[in-house]
Amino acid sequence: MPLFGKKKKETKAERPQVAVSQNETSYFGKNLMIKGRVSGNGNVIILGGLDGEFNLRGRVKVAQSAKIKGEVKADVISVNGSVKGSLAAKDRIHLDQTARIEGQITTPKLSISEGASFDGEISMNDRSSKPTGTHKTDSALDPLSTTAPIKKIDDR
Amino acid sequence: MPKDTSADSISLLSKNVRIEGEIQGPENLHVEGYLKGAVELSGDIFIGNTGIVEADVEAKNIVIQGEVKGNVKAHQQLEIHPTGKLVGDCTAASIDIKEGAVFEGRSNMIKSSGTAAGPSSNSTSGRGPQIQKQPQPE
């Protein structure tokens, strides 16, 4: 038996609202300039400017029009735009053709497409990464871990 | 509602993401996450149900369904939905506060240039549901 009176929703029609599901990817358009710190869980696509820091559990995509100055930390980072500063990924980084990077990259896995420009240094010892199952040579054997001096080797 | 905005895209700050800092630009912004600092947009800002903004906000149109702590300035319209909460002063050319909305603060009206529509100033304070409508000066 149909009830009449389903007109609640009518008042909502006045403004076109984008229905957004809660865990959607954040999107920073190309006219948006952010100064400061972006953090949390989730994926981000940035087309605009960021002066500051990304610190995210999730994926960050730096689109072609994006300009970032500062630090980007995320699980997965893919870059088409320009970044001055440092990129650090827990999982992997991809630099696409149009990427322009000046600075430092830290990642266990890296791919760079032809055409990308990268001025800086890469470090691929993934101390920061979560254990991925494979047995890693850890701090004691890590040649780059400066904090663990190689003094303590037992002489046999 | 006029859909002409100076910005052509809508930026989205999703639920579990937070920004601490300044945001500006000719953009529309939809906030479902947490935003602290300052916001200055020439587009619109829409603060969704899960959105929490602790910032001074300036935009063309402001729609609040979530929570805002800070002073708010809408060059055109400020709209607070029943689920919305504004703690702070507002300045707007037109305000629309729905029943159930929470507004604690002062309100100032902007006189749009060239028009003299409605009372030139309007002041409210206190909390609780309030309904105010003002014809859009046009």
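Residue positions are given per chain, counting from 1 as you read along its sequence in written order. Chains carry letters and ligands carry numbers; both start at the beginning, A for chains and 1 for ligands, and go up in the order they are written. For this predicted model, a pLDDT threshold of at least 70 governs which residues receive local features, and a threshold of 80 or more governs which side-chain atom pairs are given and counted, while totals over whole chains, interfaces and linings are taken from all residues. Only heavy atoms go into the side-chain values, all of them from the structure, while hydrogens and water stay out.

1. What to know about the overall build of chain A
Argument step 1. Within chain A one finds 0 helices and 10 strands.
Argument step 2. In sequence order, the secondary structure elements of chain A are arranged as β-β-β-β-β-β-β-β-β-β.
Argument step 3. Three labels apply to residues, based on accessible area from a 1.4 Å probe with only protein chains included: buried if under 20% of the type maximum, exposed if over 50%, partly exposed otherwise in between. When burial is assessed residue by residue, chain A has 31% of its 156 residues classed as buried.
Argument step 4. Residues are treated as being in contact if the distance between any of their heavy atoms lies within 4.5 Å. When contacts within chain A are restricted to residue pairs at least 6 apart in sequence, long-range pairs at least 24 apart make up 3% of them. Counting from the N terminus, the helices are the DSSP runs of H or I reaching at least four residues and the strands are the DSSP runs of E reaching at least two.

2. What about the nonpolar core?
Argument step 1. We define a nonpolar core as any set of buried Ala, Val, Leu, Ile, Met, Phe, Trp, Tyr and Cys residues linked to one another through side-chain atoms lying within 4.5 Å. Judged by nonpolar contacts, the single largest core of 55 residues is most densely connected at Phe28, Phe54 and Leu87 of chain A together with Ile45 and Leu78 of chain B.
Argument step 2. Those residues in contact with Ile45 of chain B that sit more than four places away from it in its chain are Leu29, Val31, Val39, Val57, Ala59, Asn61, Ile62 and Val63 of chain B.

3. Description of the interface of chain B and chain A
Argument step 1. Across the boundary between the two partners, chain B contributes 37 residues, which contact 29 residues of chain A.
Argument step 2. What gets called buried area is simply the loss in accessible area from a 1.4 Å probe that two parts show on being joined, summed for both. When chain B packs against chain A, close to 2600 Å² is buried across both sides, 50% of that on carbon and sulfur atoms.
Argument step 3. Salt bridges are defined by distance alone: a side-chain nitrogen of Lys or Arg within 4 Å of a carboxyl oxygen of Asp or Glu. Here chain B and chain A share 0 salt bridges between them.
Argument step 4. N or O atoms closer than or at 3.5 Å make up a polar contact, with two conditions inside protein: a donor-capable atom paired with an acceptor-capable one, and, for residues adjacent in sequence, both atoms drawn from side chains. The tally of links between chain B and chain A comes to 10 residue pairs in polar contact (both at pLDDT 80 or more).
Argument step 5. Contributing elements (two or more residues each) for the side of chain B that touches chain A: β1 (10–13), β2 (17–25), β3 (28–31) and β9 (72–80) of chain B.
Argument step 6. Looking at the side of chain B that touches chain A, its residues break down into 12 nonpolar, 13 polar and 12 charged.
Argument step 7. Each pair of strands is called paired provided DSSP finds at least two bridges between the two strands. Across 8 bridges, the pairing between strand β2 (residues 33–41) of chain A and β2 of chain B is antiparallel. Within β2 of chain B, the residue paired with Val38 of chain A across the bridge is Ile19 of chain B. Any residue outside Ala, Val, Leu, Ile, Met, Phe, Trp, Tyr, Cys, Pro, Asp, Glu, Lys and Arg is labelled polar, Gly included; the first ten of those are nonpolar and the last four are charged.

4. Details of the side chain of Ser26 of chain A
Argument step 1. Here Ser26 of chain A lies in strand β1 (residues 26–28).
Argument step 2. Residue classification places Ser26 of chain A among the buried residues on the basis of a relative accessible area of 0%.
Argument step 3. Looking at Ser26 of chain A, its side chain comes within polar contact range of the side chain of Ser14 of chain B, at 2.6 Å.

5. A look at the pairing of β2 of chain A
Moving residue by residue along a regular strand, the side chains alternate between the two faces of the sheet.
Argument step 1. Here β2 of chain A pairs with strand β4 (residues 49–57) of chain A via 9 bridges, running parallel. Residue pairing across strands places Asn41 of chain A opposite Arg57 of chain A, the latter belonging to β4 of chain A.

6. Re the environment of Val72 of chain A
All names here are of chain A.
Argument step 1. Looking at where Val72 falls in the secondary structure, it is placed in strand β6 (residues 67–79).
Argument step 2. Residue class for Val72 comes out buried when judged on its relative accessible area of 0%.
Argument step 3. Taking the C-alpha atoms as reference, Val72 lies 8.3 Å from Val60; in sequence the two are 12 residues apart.
Argument step 4. With residues up to four places along the chain from it excluded, the contact list for Val72 reads Phe54, Val60, Ile77, Ser86, Leu87 and Ala88.

7. Observations regarding the pattern of salt bridges
Side chains that differ in sign of charge can pair as their charged atoms come close.
Residue and element names in this part refer to chain A.
Argument step 1. Tallied over the entire structure, the rule returns 8 salt bridges over all chains.
Argument step 2. For Glu53, the salt bridge goes to Arg37, with nearest N and O atoms at 3.3 Å. Highlighted residues: Glu53 in strand β4 and Arg37 in strand β2, separated in sequence by 16 residues.
Argument step 3. A salt bridge links Asp91 to Lys109; the nearest nitrogen and oxygen atoms lie 3.9 Å apart. Highlighted residues: Asp91 in strand β7 (residues 82–95) and Lys109 in strand β9 (residues 109–112), separated in sequence by 18 residues.
Argument step 4. Within this structure, Asp91, Arg92 and Lys109 form a network of salt bridges that share partners.

8. Looking at the side chain of Glu27 of chain B
Argument step 1. The topology assignment puts Glu27 of chain B in the loop between β2 and β3.
Argument step 2. A polar side-chain atom of Glu27 of chain B sits 2.9 Å from a polar atom in the side chain of Ser9 of chain B.

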